[in-house]
Each structure stands twice: as C-alpha cells, then as structure tokens.
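# Structure at a glance
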Amino acid sequence: MKLSVILSVYNDVKHIEKSIKSILNQNYKDFELLVMVDGSTDGTAEVLHMLAKQDKRIFLYRNDENLGLTKSL
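Residues numbered from 1 in each chain as written. Predicted model: local features only at pLDDT ≥ 70, side-chain atom pairs only at ≥ 80, totals over all residues. Heavy atoms only, no water.

## Observations regarding the packing of helix H1 (residues 16-24) against helix H2 (residues 44-54)
To keep things clear, this is the line we draw: Note on definitions: angles span 0 to 180 degrees between N-to-C directions of axes, and those axes are lines fitted to C-alpha atoms, for helices only across the stretch in contact. Under the scheme used here, helices are H or I runs from DSSP no shorter than 4 residues and strands are E runs no shorter than 2 residues, and both carry numbers assigned from the N terminus. By convention, the crossing between two helices is left-handed when the near helix turns anticlockwise from the far helix through less than a right angle, and right-handed when the turn is clockwise. Residue contacts are counted whenever heavy atoms from the two residues lie within 4.5 Å of one another. Any residue that is not Ala, Val, Leu, Ile, Met, Phe, Trp, Tyr, Cys, Pro, Asp, Glu, Lys or Arg is counted as polar, Gly included; the first ten are nonpolar and the last four charged.
Where H1 meets H2, the closest approach of the two axes is 10 Å, and the angle between their N-to-C directions is 35°. In terms of crossing hand, the pair formed by H1 and H2 is right-handed. Listed contacts from H2 to Ile16, Glu17, Ile20 and Lys21 of H1 are Thr44, Val47, Leu48, Met50 and Leu51. For the contact of H1 with H2, the residue count by class is six nonpolar, one polar and two charged.

Listed below in structure tokens is the structure:
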C-alpha cells in the first residue's frame, strides 16, 4: 500500500533539509512526499529542488504567494 505524506512549508530554509531527511529515513519506504512550497522567498524552494533530484519520492508544488497552511494543503 502506498502512502502520501503532505507537507506545506514557508520560509524554513534553516530546517527544511533536516525535516525532509527525517521523513525519508522512516522504516516504511513505500510512500510519496508531496511538498507545497507556500510562497517561500528565503531559499527553501532551492533546497527542496536539490532534495527532489536525489529522491524520486519527493514531488514539489508551489504557490506564487503565501496562502497559509489550510489553503496550501
């Protein structure tokens, strides 16, 4: 059974790589990680693009402006 993990992120360049790697390193491996970049302007998107190139389970989506957690999810 495939599982979807959904994450919305806004301007969290300091912590996003550690957060993503924590999710990817779980024992259960058959999942996709859907990440909504919610209008970030601090380099978060660039870090996520690098990580997505390294792991095919990561799928990135982007809001042009910050809409907030509820609307992003």
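Here the narrative resumes, following the displayed structure.
## Re H2
For clarity, the cut-off: Burial classes follow relative accessibility: with a 1.4 Å probe on protein chains only, a residue under 20% of its type's maximum area counts as buried, one over 50% as exposed, and anything between as partly exposed. Note that the arc is defined by the directions from the helix axis to the C-beta atoms.
Within H2, burial applies to Thr44, Ala45, Val47, Leu48 and Leu51. Viewed along the axis of H2, the buried residues span an arc of 155°, placing them on a single side of the element. Away from its buried face by more than 90 degrees, H2 exposes Glu46 and Lys53. Looking at the buried side of H2, the elements it contacts are strand E1 (3-9), H1, strand E2 (31-38) and strand E3 (58-63).

## Here's the deal with the pairing of E3
Two faces belong to every sheet, and in a regular strand the side chains alternate between them. Stated formally: Two strands qualify as a pair provided DSSP detects at least 2 bridges between them. Look down the strands so they point away from you; if going from the first strand over the helix to the second traces a clockwise path, that crossover is right-handed.
Here E2 runs beside E3; their pairing, made up of six bridges, is parallel. Considered in E3, the bridge of Asp38 is made with Asn63. Once the chain exits E2 it traverses H2 before rejoining the sheet at E3, and the crossover so formed is right-handed.

## Topic: the confidence of the model for the protein
As a reminder of what qualifies: The pLDDT value tells you how sure the predictor is about a given residue, anywhere from 0 up to 100.
The predicted model of the protein has a mean per-residue pLDDT of 95, with 99% of residues at 70 or higher. Ranking the elements of the protein by mean pLDDT puts helix H3 (residues 69-72) last, at 92, and H2 first, at 97.

## Things to note about the nonpolar core
Selection rule: The term nonpolar core refers to a set of buried residues drawn from Ala, Val, Leu, Ile, Met, Phe, Trp, Tyr and Cys, joined through side-chain atoms within 4.5 Å.
Core analysis: the biggest nonpolar cluster contains 13 residues, and Ile20, Leu33, Val35, Leu48 and Ile58 have the highest contact counts within it. Mapped onto this core, the elements with two or more residues apiece are H1, E2 and H2.

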